[in-house]
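As a plain string of letters, each chain reads:
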There are 2 protein chains.
Amino acid sequence: MALKAKVLYDFHSENPGEISITENELVTLFSEEELEGWLEGENSRGEAGLFPASYVEIIQDHITSSTNNNGFSSPKSKTQTPSHASYTSSDSQSQRGLGAGSGGSSFHTSQGSDDDWDDDWDDTSPAADAPQGFGSSPPLYPVTTSLPGRGSAQNQQQQQQQAKSSATVGRNLNRFSTFVKSGGEAFLLGEASAFVKDGDRICVVMGKHGPEWQEDPYPFTCTIDDPTKQTKFKGMKSYMSYGLTPTHTSIQVNRRYKHFDWLYARLVERFPVISVPHLPEKQATGRFEEDFISKRRKGLIWWMNHMTSHPVLARCDVFQHFLTCGADEKAWKQGKRKAERDELVGANFFLTISTPAVPLDLQEVESKMEGFKTFTKRMDENIVVVNATINEFAHKQMAGFKKEYQKVGQSFKLLAQAFELDQQAYSAGLNKAIAYTGDAYEAIGDYFAEQPRQDLDPISDLLDLYRGHLANFPDIIHVQKGALTKVKDCPKQEGDLHDRCNIISCATLAEIQHFHRTRVRDFRSQMQHHLRQQIGFFQKITAKLEDALQRYDDDQ
Amino acid sequence: MALKAKVLYDFHSENPGEISITENELVTLFSEEELEGWLEGENSRGEAGLFPASYVEIIQDHITSSTNNNGFSSPKSKTQTPSHASYTSSDSQSQRGLGAGSGGSSFHTSQGSDDDWDDDWDDTSPAADAPQGFGSSPPLYPVTTSLPGRGSAQNQQQQQQQAKSSATVGRNLNRFSTFVKSGGEAFLLGEASAFVKDGDRICVVMGKHGPEWQEDPYPFTCTIDDPTKQTKFKGMKSYMSYGLTPTHTSIQVNRRYKHFDWLYARLVERFPVISVPHLPEKQATGRFEEDFISKRRKGLIWWMNHMTSHPVLARCDVFQHFLTCGADEKAWKQGKRKAERDELVGANFFLTISTPAVPLDLQEVESKMEGFKTFTKRMDENIVVVNATINEFAHKQMAGFKKEYQKVGQSFKLLAQAFELDQQAYSAGLNKAIAYTGDAYEAIGDYFAEQPRQDLDPISDLLDLYRGHLANFPDIIHVQKGALTKVKDCPKQEGDLHDRCNIISCATLAEIQHFHRTRVRDFRSQMQHHLRQQIGFFQKITAKLEDALQRYDDDQ
């Protein structure tokens with residue numbers, strides 16, 4: 001009997017070798033083994049190819065024994081290093097959004113790659129620096145403290161062994177599902193263990209609208225200055241440096257994009273059910289450098305805003321190190337190494353969570369999760385449309401609208417020029433007034449061209465950031481769903497299982513609550529900003545026209 | 001030696017058989033005889049064909065004897081009745097403007113044709129009604145009181161005879177030049193004679209800026225109501241009737257388009273150097289009937305405005321009869337017959353003019369005329385561009401701008417729809433506000449679509465009216481220039497010749513002065529109207545956006 005999997009999320013093929021799959025569709029797998037986050041199989045339309053493993057759930061009934069990896073051939077060669085499932089699926093999601101037409105999501109999920117616009121990496125690479133650490137790529141496998149210091153190749157072998165040995169004890173056989181990779185499963189099965197200091201404890205409290213992250217008692221924000229160009233090696237290498245000034249220290253630190261990138265990788269690995277905001281894109285093609293730098297800075301400001309306003313992310317050690325460590329290179333490296341050796345990543349993250357006294361009702365949680373899944377899907381679809389519309393509107397204003405007003409302005413000036421051939425005294429005032437009206441219309445054309453930067457680009461930046469979050473959530477939902485499914489399979493077998501599932505649910509719902517609050521805050525303020533700008537814009541036009549109108553009175 | 005003519009005005013061929021000619025170009029004539037206002041010849045590029053006779057001046061030196069009309073064959077058959085030169089050239093001019101791109105001049109020079117949109121002509125035709133009159137077509141030949149009661153065929157013969165007999169006594173051999181046809185030449189040569197009552201006297205006075213028509217001591221205006229549909233012959237025939245109410249009588253009279261048309265023909269024949277405003281177009285194609293009726297009414301209102309504000313036209317008998325004669329059919333026919341038998345048409349019109357005591361300086365007159373010629377040419381060219389631009393701008397606002405704002409509105413509503421999937425209390429206000437913003441943008445799209453009717457269409461209507469005037473002026477200039485040239489040829493020969501030339505110059509300059517004053521008045525008020533409308537429009541948009549902005553506050 002063929003190996004089957006149920007599709008959890010729509011995936012649209014973007015590259016040769018990939019196939020599109022649709023939610024709830026049953027696909028036939030050629031093998032249950034993934035290659036770098038991808039599975040090979042055939043969809044219901046008979047197309048064969050690759051799709052992201054995290055987008056499907058293998059149907060257990062069909063599995064009689066685990067197949068091995070030998071003989072698995074991929075028509076597609078993926079050359080990048082094995083990467084975290086959430087990365088792979090997020091990336092596909094982003095590409096999907098892009099393909100749907102808005103001119104591109106400007107945020108990406110970075111893995112601390114050195115492939116920066118300034119390609120000079122002045123610190124030793126994390127892998128070399130911390131041989132027993134987890135490398136710059138997040139682990140492929142749930143991290144447990146009982147299995148320290150594995151290398152990537154070692155990992156792969158152990159995974160396969162583990163898959164074989166534990167297939168019969170309620171484990172998910174899909175070793176590459178986000179549930180497994182995030183550490184959710186390992187935690188649920190009680191395999192996580194680490195020492196949690198009080199300072200590392202993260203509280204979920206019961207709020208008016210359900211579980212929520214306990215508020216940061218010391219909230220702060222952080223400004224990002226215009227980047228400055230720095231050089232090293234006697235000018236041979238150059239890079240851009242951003243001055244960051246957090247309000248709780250008021251001391252400026254300088255960071256390069258690669259530092260943000262490194263931090264991002266730490267956060268993704270550290271927090272399985274938290275939506276870490278994506279960094280702005282590495283490279284914007286077809287843009288002038290100045291525009292690109294300005295756009296990236298705006299993206300980083302949004303990113304920073306979401307970091308500092310997240311109760312968990314804002315307080316975490318690695319972020320604080322990033323924000324407060326000065327120019328002392330030794331101190332920087334020390335903090336860097338500490339973060340890379342952090343034990344409370346993946347499965348162990350859940351150990352740090354304190355939940356409200358009363359456990360959540362499973363059915364209610366399930367219903368909330370279903371609702372949120374629908375929500376994110378719709379929001380993702382609709383903001384793609386909004387973004388495309390807004391970008392097109394901006395383009396029309398900068399090109400078409402401007403041109404139309406300028407053409408009208410020019411034609412009024414032509415009229416004035418013809419009228420100026422009549423030199424009689426009673427004609428002169430009118431001629432000037434019409435010429436002035438022509439100028440006014442040309443100015444209005446310029447206003448239209450300049451306006452989108454003020455009130456449409458910011459919306460577009462915001463939508464980009466949210467597309468990043470929306471790309472994170474399928475994995476987060478998947479982790480919670482994995483836990484819930486597991487618990488439902490063995491109803492009253494283990495009280496601990498229930499407790500641990502409750503922890504995952506609380507964290508997930510707290511994160512969802514945080515997402516909604518932030519979304520409402522951001523969209524309200526951005527829409528207000530947009531409308532205020534538009535009002536100012538139309539008032540400016542009105543003032544210009546009133547000015548022109550007055551010229552006709554002077555003429556009497 | 002070939003017969004040559006100098007081109008006075010640019011003419012662009014519009015139809016097969018016609019050729020384009022350029023100002024100051026020398027063209028070779030195949031015959032000096034015109035056919036219905038057209039001459040046949042070859043331009044400097046070697047193209048052979050027809051061009052308007054009134055656009056050229058035959059060079060006298062080349063004429064050894066007048067050729068006869070026999071053997072003249074035209075590749076183009078003009079089926080309409082022989083028409084006034086100013087009509088022919090004006091018409092060409094109009095067509096030129098049309099071809100240059102604005103979507104059409106909406107004013108035409110009518111000859112009282114029955115070819116109305118309601119083709120029922122309930123009065124007896126003027127020709128049948130007034131056998132000794134001048135018919136509904138203006139005369140082809142200068143009218144002198146010594147040659148009464150000629151028919152059209154008779155005319156033709158007499159012209160040819162006269163051309164032969166008077167070729168040596170300073171007469172213009174081009175019997176079809178506007179100068180000749182308008183009666184200008186006949187008047188200048190002292191051939192005009194008629195009894196002029198005091199009431200018919202038209203005074204040119206010396207104003208601050210040169211000769212001007214004496215102001216109408218009893219100025220009035222006239223309103224035009226929405227037309228009503230009338231039927232006759234038990235509903236078999238229907239026509240539109242306009243209610244006109246002049247302010248000096250306050251009594252409404254009802255007139256049909258054909259009555260305007262008839263009046264127009266009388267005025268054109270009556271006043272050789274006055275620019276009679278063209279009537280709005282007979283038929284607008286591709287428009288809904290309602291739009292067409294509304295556009296024609298607006299055109300008639302402009303026309304009426306120019307009629308009542310012209311000191312000479314406003315006071316003349318035929319216009320007063322048109323405005324004041326009530327439903328008494330007998331009285332109407334009486335006045336109609338009187339107008340059609342009016343002796344003070346063409347050459348005799350100049351007999352009615354009283355000039356200022358001091359004659360004008362010929363050189364100054366010539367320079368003013370040159371300046372005005374340049375002015376009208378440039379104004380004609382430039383308003384074609386303005387009209388095209390404005391019409392395109394109107395179209396863009398009604399289609400493109402509307403669509404863009406509505407698309408933005410729809411995308412905001414999509415965003416609100418996605419957000420509505422989150423039912424939490426703190427989200428609801430934002431969702432409503434965003435949906436409202438979407439509605440606001442859709443409304444703004446509608447504002448853009450509705451606006452051109454308020455502030456661009458009126459400019460377009462005004463430009464149409466002025467294109468009619470500009471089409472009249474080449475003929476008016478031609479009459480004055482013909483007189484001036486004749487006087488310069490025989491410097492001190494005849495004091496009377498100088499006096500009569502002075503009368504023509506005074507009338508022409510008074511008309512030019514009137515044109516400028518009206519132009520400055522009309523364009524000032526129309527630009528003010530446009531700007532006020534635009535200001536109101538942008539204020540309306542601003543108010544809508546402010547309204548939307550408030551919704552975000554309610555949400556707190």
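So, here's what we can say about the structure. The shown structure was predicted, so the numbers you read here are calculated from the model rather than taken from an experiment.

## Section: the overall build of chain A
Each helix and strand counted, chain A has 14 helices and 14 strands in total. Total accessible area on chain A stands at roughly 23100 Å², and carbon and sulfur atoms take up 49% of it.

## Points about the interface of chain A and chain B
Chain A puts 64 residues into the contact, and the matching count from chain B is 64 residues. Counting the surface lost from both chain A and chain B, the interface buries some 6300 Å², and carbon and sulfur atoms represent 71% of this. Its largest share of buried area at the contact with chain B, chain A owes to Y426(A), R524(A) and F538(A), together 10% of the area lost on that side. At the junction of chain A with chain B, the criterion picks out six salt bridges. Summed over the shared surface of chain A and chain B, the result is 22 residue pairs in polar contact (both at pLDDT 80 or more). Elements supplying a minimum of two residues to the side of chain A that touches chain B: α11 (362–419), α12 (425–455) and α14 (495–554) of chain A. Looking at the side of chain A that touches chain B element by element, the count peaks at 25 residues for α11(A).

## Observations regarding unusual backbone geometry
Residues and elements named next belong to chain B. Positive phi, close to 75°, is recorded for N24, a residue that is not glycine. Along the chain, N24 turns up in the loop between β1 (3–7) and β2 (26–29). Backbone geometry at S250 places phi at a positive 60°, although glycine is not the residue there. As for its position among the elements, S250 is in the loop between β11 (237–246) and β12 (253–255). Under the relative-accessibility criterion, S250 is labelled exposed at 56%.

## Regarding the sheet that holds strand β4 (residues 48–52) of chain B
All names here are of chain B. With respect to topology, five strands assemble into an open sheet ordered β4-β3-β2-β1-β5, the strand pairing being antiparallel. Every other strand in the sheet has two partners, leaving β4 and β5 (56–58) as the edge strands with one partner each. Between one strand axis and the next, the sheet turns by 45° as a mean value, whatever way the strands run. Where β1 meets β5, three bridges bridge the pair, whose relative direction is antiparallel. Residue pairing for β5: V7 is matched across the bridge by V56.

## Observations concerning the pairing of β4(B)
Residues and elements named next belong to chain B. Along β4, four of the five residues are buried, which leaves the element largely enclosed by surrounding structure. Where strand β3 (residues 38–42) meets β4, five bridges bridge the pair, whose relative direction is antiparallel. For E42, the partnering residue across the bridge sits in β4 and is A48. Between β3 and β4, which pair antiparallel one after the other, the connecting turn spans five residues, and G46 there sits at a positive phi close to 80°.

## Regarding helix α9 (residues 317–324) of chain A
In terms of residue burial, α9(A) counts as a mostly covered element, since six of its eight residues are buried. Regarding α9(A), the residues found buried are V318(A), F319(A), Q320(A), H321(A), F322(A) and L323(A).

## Details of the relation of the copies chain A and chain B
Placing chain A over chain B gives an RMSD of 0.1 Å and needs a rotation angle of 180°, together with 0.0 Å of translation along the axis. With respect to symmetry, the two chain copies, as superposed, fit the operation of a two-fold axis. In terms of C-alpha distance to the rotation axis, chain A has F538(A) as its closest residue, with the C-alpha 3.0 Å off the axis. When you check the interface residues of chain A against chain B, 100% turn up at the interface there too, and the contact is symmetric in its surfaces.

## Comments concerning the side chain of T245(B)
All names here are of chain B. Among the secondary structure elements, T245 is positioned in strand β11. Accessibility expressed as a relative area gives 18% for T245, which makes it buried. Residues in contact with T245, not counting those within four places in the same chain, are T221, C222, T223, S250, I251 and Q252.

## A closer look at the packing of aromatic side chains
Across all of its chains, the model carries 62 aromatic pairs over all chains by this definition. Judged by centre distance (5.5 Å) and plane angle (75°), the rings of F412(A) and Y441(A) are edge-to-face. Of this pair, F412(A) sits in helix α11 while Y441(A) is found in helix α12, placing the two residues 29 residues apart along the sequence. Here F412(A) falls in the buried class, since its relative accessible area comes to 0%. Judged by centre distance (6.5 Å) and plane angle (80°), the rings of F375(B) and F515(B) are edge-to-face. Here F375(B), found in helix α11 (residues 362–419), pairs with F515(B), found in helix α14 (residues 495–554); they are 140 residues apart in sequence, far enough to count as distant. An identical accessibility class is assigned to F375(B) and F515(B); each is buried. Over the face of the ring belonging to Y257(A) we find R296(A), whose NZ or CZ atom lies 3.9 Å from the ring centre.

## Some remarks on the pattern of salt bridges
Tallied over the full model, the rule gives 48 salt bridges over all chains. E404(A) is the partner of K396(B) in a salt bridge, and the nearest nitrogen-oxygen pair spans 2.8 Å. Taken together, the residues K396(B) in helix α11 and E404(A) in helix α11 connect one chain to another. Taking relative accessible area as the criterion, K396(B) reaches 28% and is therefore assigned partly exposed.

## Remarks on helix α6 (residues 257–270) of chain B
In a regular helix each residue adds 1.5 Å, so 14 residues correspond to 20 Å; α6(B) covers 20 Å between its end C-alpha atoms and thus fits that length. Buried residues dominate α6(B), accounting for 14 of its 14 residues.

## Some words on the sheet that holds strand β8 (residues 210–213) of chain B
Residues and elements named next belong to chain B. The mixed open sheet is built from three strands, whose spatial order is β8-β7-β14. Taken across any chain shown, the strands that pair with only one partner, and hence form the sheet edges, are β8 and β14 (353–354). Bridging between strand β7 (residues 202–207) and β8 involves four bridges; their strand directions are antiparallel. Paired with V204 across the two strands is W213, which belongs to β8.

About the thresholds
Residues numbered from 1 in each chain as written. Chains lettered and ligands numbered in written order. Predicted model: local features only at pLDDT ≥ 70, side-chain atom pairs only at ≥ 80, totals over all residues. Heavy atoms only, no water. Helix = DSSP H or I, 4+ residues; strand = E, 2+ residues; numbered from the N terminus. Areas by Shrake-Rupley, 256 points an atom, 1.4 Å probe, with all protein chains shown as cover. Contact = heavy atoms within 4.5 Å. Buried area = accessible area lost by both parts, 1.4 Å probe. Salt bridge = Lys/Arg side-chain N within 4 Å of Asp/Glu carboxyl O. Polar contact = N/O pair within 3.5 Å; in protein donor to acceptor, adjacent residues only side chain to side chain. Buried < 20%, exposed > 50% of the residue type's maximum accessible area, 1.4 Å probe, protein only. Pairing = 2+ DSSP bridges. Axes fitted to C-alpha atoms, helices over the stretch in contact; angles between N-to-C directions. Least-squares fit on C-alpha atoms with pLDDT ≥ 70 in both. Phe/Tyr/Trp six-rings, centres within 6.5 Å; stacked < 30°, edge-to-face > 60°. Lys NZ or Arg CZ within 6 Å of the ring centre and 35° of its normal. Expected span 1.5 Å × (residues − 1).

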